[in-house]
Amino acid sequence: QVQLVESGGGLVQPGGSLRLSCAASGSIFSINAMGWYRQAPGKQRELVATITSPGTTNYADSAKGRFTISRDNAKNTVYLQMNSLKPEDTAVYYCYADLTYTSGIYPVRDDYWGQGTQVTVSS
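Parameters at a glance
Residues numbered from 1 in each chain as written. Predicted model: local features only at pLDDT ≥ 70, side-chain atom pairs only at ≥ 80, totals over all residues. Heavy atoms only, no water. Phe/Tyr/Trp six-rings, centres within 6.5 Å; stacked < 30°, edge-to-face > 60°. Helix = DSSP H or I, 4+ residues; strand = E, 2+ residues; numbered from the N terminus. Buried < 20%, exposed > 50% of the residue type's maximum accessible area, 1.4 Å probe, protein only. Lys NZ or Arg CZ within 6 Å of the ring centre and 35° of its normal. Disulfide = S-S within 2.5 Å. Pairing = 2+ DSSP bridges. Axes fitted to C-alpha atoms, helices over the stretch in contact; angles between N-to-C directions.

## Brief notes about the packing of aromatic side chains
For step 1, the next point in the chain: Overall, the coordinates contain four aromatic pairs when judged by the stated rule.
For step 2, the next point in the chain: Both rings, one in Tyr37 and one in Tyr96, keep their centres 5.4 Å apart while their planes meet at 90 degrees; by these two values the pair is edge-to-face. With Tyr37 in strand β4 (residues 28-39) and Tyr96 in strand β9 (residues 91-103), the pair connects residues that are 59 residues apart, well separated along the chain. When sorted by exposure, Tyr37 lands in the same class as Tyr96, which is buried.
For step 3, the next point in the chain: Ring plane angle 70 degrees and centroid distance 5.0 Å describe the contact between Tyr37 and Trp113, whose orientation is recorded as edge-to-face. Within this pair, whereas Tyr37 is found in strand β4, its partner Trp113 is found in strand β10 (residues 106-113), the two being separated by 76 residues in sequence.
For step 4, the next point in the chain: Within the aromatic cluster, the residues linked to one another by ring pairs are Tyr37, Tyr96 and Trp113.
For step 5, the next point in the chain: Here Arg19 stacks its cationic end above the ring of Tyr79, 4.1 Å away from the centre of that ring.
For step 6, the next point in the chain: Positioned above the aromatic ring of Trp113, the side-chain terminus of Arg45 is 4.9 Å from the ring centre.

## Overview of the state of the cysteines
Covalent bonding between the sulfur atoms of two cysteines is what defines a disulfide.
For step 1, the next point in the chain: Under the counting rule described, the total for this entry stands at one disulfide.
For step 2, the next point in the chain: In this model, Cys22 is linked to Cys95 through a disulfide, with the two sulfur atoms separated by 2.0 Å. Around the S-S axis, the bridge from Cys22 to Cys95 shows a dihedral of about -80 degrees and counts as left-handed. Here Cys22, found in strand β3 (residues 18-25), pairs with Cys95, found in strand β9; they are 73 residues apart in sequence, far enough to count as distant. The burial state of Cys22 is the same as that of Cys95; both residues are buried.

## With respect to the sheet that holds strand β8 (residues 77-82)
For step 1, the next point in the chain: Within the open sheet, the four strands sit side by side as β1-β3-β8-β7. Their pairing is antiparallel. Of all the strands in the sheet, the pair left with one neighbour each is β1 (3-7) and β7 (67-72). With strand direction ignored, the average angle separating the axes of adjacent strands in the sheet is 15 degrees.
For step 2, the next point in the chain: With six bridges connecting them, β3 and β8 associate as antiparallel partners. Its bridge partner lying in β8, Cys22 is registered against Val78.

Below, the structure written as structure tokens:
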């Protein structure tokens, strides 16, 4: 019923920039928060940034000052602007959403994940 689709990943040189997008679709009643996580090979998935419906943002220490999360509420889309990229930013980036969707007569609130988009920072 609910689908999150990421885009914008790719290969970039150190110091470069990328902008990730994630669009949520389906019978969505409301979205409480959206965000981005990432997972590098051999490591646990970690939070990068989140944004709530009122606009409150939260960033991992490694992302502060370099990454900016934003959201287009009308499009149910979240963005991650990544500047000054470093090799250690290399990972699969996953979109997530804390949302409520309609399932028959029952609204269901849960966390949902996108399929991931690869970001590689290398010279």
